[in-house]
Amino acid sequence: MAKDHPSSPIDTDGQAANKLWGGRFAGGPADIMQEINASIGFDARLAGQDVAGSKAHAAMLAKQNIISEADAKAIIDGLDAIEADIANGTFTFSTALEDIHMNVEAALADRIGPAAGRLHTARSRNDQVATDFRLYVREALDRLDAALREVQAALIDQSDAHAATVMPGFTHLQSAQPVTFGHHLLAYVEMLGRDRSRVADARARMNECPLGSAALAGTPFPIDRHATAAALGFDRPTANSLDSVSDRDFALDYLATAAIAAMHLSRLAEEIVIWTSDAFGFVRLSDAFSTGSSIMPQKRNPDAAELVRAKTGRIVGALVGLLTVMKGLPLAYQKDMQEDKEPVFDADQTIMLATAAMAGMIADLTVNKDAMSQAARTGFPTATDLADWLVRSLDMPFRQAHHVTGRIVALAEDKGCDLSDLDLGEMQKVEPGISQDVFDVLSVEASVASRASFGGTAPDAVRGAAKAARRRFLDETTD
């Protein structure tokens, strides 16, 4: 998971030996200008990506005879040493040098001398940051895919274990028809599967390299953009230099994907909150995923689920925030785009925490089968089965069957009993054609078992669906 802050210290004294863009300016920036302009406080986490991009660029420059092999080697060796300093926490970042790019370049100059100045040939901070950020987002997408897979794995395991555990299926949070708990959980496996497909789509779409687009118009140097793209694991270079430096669709794609995934996690978290309540008592979370109350000693609160539910707001907010930043920007790069990184960094950290918590909760929960079964028998959940039986057995139009069933439900409600507890004679007073066979469909177990169509809730269908889900989403096969 990405860290909130760089491990190395940040120098905030406002002093720098020499501004890299200082030739145009006689005076220094105001303190507040320096504070609002600097991004090193958050983009220091792009150090690894920045070094990787610079090494690929230096190697390409040497291969194209734009700089010497000796200078390229000195640059790459120096960058390796800087990366090691950053990793072990001995590198000092300076706010006076604004961002990660200028911090690394200044450190390189201190380390290897004038040769460092050749590194920025045929590139700009505009294409540099676009490349660094794409590399980060690509890694974030890979992390998200792996994290969602872990949640799916936990859900599939529980689905398999509870393929025949009957529970009420709800619409409008009212008892509708009986289903199995395994079937219910597999619905979330499908949601997360779509999330992972969005991850794959976003990754494929963003895997183009902006490096070499320079400030906005390209470069007159004979660079090989295909070489740097390949060296950094991109499929190809971006096709238009203006778009290359001003595009942040890849970040928006990531945030949109993360926001939808977080919404799915939030829906599941809400169900866990409901299921663990005393009113339902369907599942129990262990002490590992519960908290207590400072005043009410009896309480077991599903705080992990509640926090997963809440963190969705942060991720959706990050998406809306970046959309708002980008909506009015003319081509090409604008300083507004410095606001692109913090929402992505925060969303990355937040979604990784939420997915880890959800995978843990799903694996941890204990199911109260008796409570689920009892709840599945309230609210006349087999009324639709009765209507379907009237259609099949009496060749009754469904709308008529619906009306007849409604009258029988009202009768059972008046008597305070389930449909299966009514006498045959009582039902025949409503519809004379009803026979003893109707009782074969009025039990909850019969209702669940009858729904064996593809995608249905019958236990054997759920077991088959769980097995198929392992193949589709986990690349696992079972006997």
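Note that this is a predicted model, so its numbers are computed, not measured.

(A) Quick peek at the pattern of salt bridges. On inspection of all chains with the given rule, the structure shows 26 salt bridges. Taken together, the salt bridges that share partners define one network made up of Glu-98, Asp-99 and Arg-125.

(B) Structural detail: a nonpolar patch on the surface. On the surface, Leu-216, Leu-242 and Leu-331 cluster together to form a nonpolar patch covering roughly 260 Å² of accessible area. Following the sequence through the fold, Leu-331 ends up in the loop between α11 (303-326) and α12 (341-364). Given the relative accessible area of 60%, Leu-331 is considered exposed.

(C) Representation of the packing of helix α14 (residues 383-394) against helix α15 (residues 398-415). Interhelical geometry of α14 versus α15 gives an angle of 135 degrees and a closest axis separation of 8 Å. Judged by the inter-axis angle, α14 sits oblique to α15. Between α14 and α15 the crossing geometry is right-handed. The segment α14 lies against α15, with Ala-383, Leu-386, Ala-387, Asp-388, Leu-390 and Val-391 engaging Phe-398, Ala-401, Val-404, Thr-405, Ile-408 and Val-409.

(D) Expanded view of the pairing of strand β4 (residues 174-180). Pairing between strand β3 (residues 166-171) and β4: 6 bridges, direction antiparallel. Within β4, the residue paired with Gly-169 across the bridge is Gln-177. Linking two consecutive strands that pair antiparallel, namely β3 and β4, is a turn of 2 residues; a positive phi of about 60 degrees is found at His-172 within it.

(E) Seen up close, the environment of Glu-306. If you trace the backbone, Glu-306 turns up in helix α11. As for Glu-306 and Glu-270, which are separated by 36 residues in sequence, their C-alpha atoms are 7.2 Å apart.

Calculation criteria
- Residues numbered from 1 in each chain as written.
- Predicted model: local features only at pLDDT ≥ 70, side-chain atom pairs only at ≥ 80, totals over all residues.
- Heavy atoms only, no water.
- Salt bridge = Lys/Arg side-chain N within 4 Å of Asp/Glu carboxyl O.
- Patch = residues over 30% accessible without salt bridge, like charges linked within 9 Å, V, L, I, M, F, W, Y side chains within 5 Å.
- Areas by Shrake-Rupley, 256 points an atom, 1.4 Å probe, with all protein chains shown as cover.
- Helix = DSSP H or I, 4+ residues; strand = E, 2+ residues; numbered from the N terminus.
- Buried < 20%, exposed > 50% of the residue type's maximum accessible area, 1.4 Å probe, protein only.
- Axes fitted to C-alpha atoms, helices over the stretch in contact; angles between N-to-C directions.
- Parallel < 35°, antiparallel > 145°, perpendicular 65-115°, else oblique.
- Left-handed = near helix turned anticlockwise from the far one by under 90°.
- Contact = heavy atoms within 4.5 Å.
- Pairing = 2+ DSSP bridges.

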